[in-house]
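Okay, here's what each chain looks like letter by letter:
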Amino acid sequence: MTPLLTLTGITKTLKGQEEPRTILAGVDLTVHSGDSVAILGRSGSGKSTLLSLIGLFDRPDDGRYLLGDQDITRLPERRAAALRSAEFGFVFQRFFLLKHLTAAQNVAMALVNGQGWLPRRKRKAKVLAALDRVGIAHLAEHKPPRLSGGEQQRVAIARALVREPRVILADEPTGALDTDTGNLVVEVLRQTTDQGCAFVLVTHDRDHAAKMGRTFHLTEGVLA
Ligand SMILES: Nc1ncnc2c1ncn2[C@@H]1O[C@H](COP(=O)(O)OP(=O)(O)OP(=O)(O)O)[C@@H](O)[C@H]1O
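Here is what the cut-offs are and how they apply
Residues numbered from 1 in each chain as written. Predicted model: local features only at pLDDT ≥ 70, side-chain atom pairs only at ≥ 80, totals over all residues. Heavy atoms only, no water. Pairing = 2+ DSSP bridges. Helix = DSSP H or I, 4+ residues; strand = E, 2+ residues; numbered from the N terminus. Contact = heavy atoms within 4.5 Å. Axes fitted to C-alpha atoms, helices over the stretch in contact; angles between N-to-C directions. 1 Å grid on protein atoms, 1.4 Å probe; cavity = no way out; pocket = protein on both sides within 12 Å on 5 of 7 lines; lining within 4 Å. Points joined across faces, edges and corners; volume = space filled by probe spheres on them. Nonpolar A, V, L, I, M, F, W, Y, C, P; charged D, E, K, R; others polar.

- The protein carries the name ABC transporter ATP-binding protein in an unreviewed UniProt entry, which gives Saccharothrix xinjiangensis as its organism.

Laid out in structure tokens, this is it:
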């Protein structure tokens, strides 16, 4: 089966105010549909940099990146943005919810931005299905200030899922949560792979990483 994502020899040098620093020095990674992958590494090792390349927020200096058999290494920003919203869902440490909107309205925002206006009934059905997938359909009409941290993160996950992406990318999604809530959120994210989504998790937490199908360490710019 053709892998969903194939990264080969990916390099990235970042030029800050100091000397340029090679953060990624030849990353190879293959991800299939239904895979769950953890990326561990010390702070500053380049995990977020790698995730932003996978999510097409940034481009590598060298190497090759395929989505299926489509070469997406160096897409112009317009096409990258279109692919990003069609194929990828993102979850971050911070939830980035709009607090004056309900959970359902927050999730619906992803549909409005990405796919134009769907008919209202269709939109509602998709939103409720996404909230149901993360176990919080009953909280659809609640606004974020009335929700716990874990519930808010589940709204954010539903927002990432509502466009039915092929890949979920999560950068420290449990960073703002207590241990039990973090475990629950990781389990909810991992379950997305049961329906064929690929899931890439950047984490500091070895217990969370151990729940993924494969674990890599990003060390000196390469995955091992
Ligand atoms: N735009 C930039 N310009 C220059 N250096 C940068 C830039 N962004 C990040 N860096 C540096 O690149 C290195 C890798 O950063 P990155 O955020 O990818 O690491 P990380 O492994 O995700 O770290 P953490 O676990 O602390 O989030 C760090 O040393 C960081 O300071």
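1. Focus: the sheet that holds strand β3 (residues 36-40)
- Read across the open sheet, the 6 strands follow the order β6-β7-β8-β3-β9-β10; overall the sheet is mixed. Among the strands making up the open sheet, the edge pair consists of β6 (88-92) and β10 (222-223).
- Sheet topology note: the strand β7 (residues 167-171)/strand β8 (residues 198-202) ladder contains 5 bridges and is parallel. Its bridge partner being in β8, Leu169 is matched across the sheet by Val200.
- Against the sheet, helix α1 (residues 47-54) makes contact with β3, β6, β7, β8, β9 (214-219) and β10, and its axis sits at roughly 155° relative to β7, the strand it touches most.

2. Describing the layout of surface pockets
- The calculated volume of the largest pocket comes to roughly 380 Å³.
- Lining the largest pocket are 20 residues, and of these Phe90, Phe92, Ala110, Arg159 and Arg163 lie nearest its centre.
- Of all the elements in the fold, those that place two or more residues in the lining of the largest pocket are α2 (77-87), β6, α3 (103-115) and α5 (149-161).
- With 5 residues, β6 is the single largest residue contributor to the lining of the largest pocket.
- In terms of residue class, the lining of the largest pocket is made up of 12 nonpolar, 4 polar and 4 charged.
- Here the second largest pocket is characterised by a volume of approximately 330 Å³.
- Surrounding the second largest pocket, 14 residues form its lining, Ala104, Gln105, Ala108, Arg123 and Lys124 being those nearest its centre.
- For the lining of the second largest pocket, the secondary structure elements donating two or more residues are α3 and α4 (120-133).

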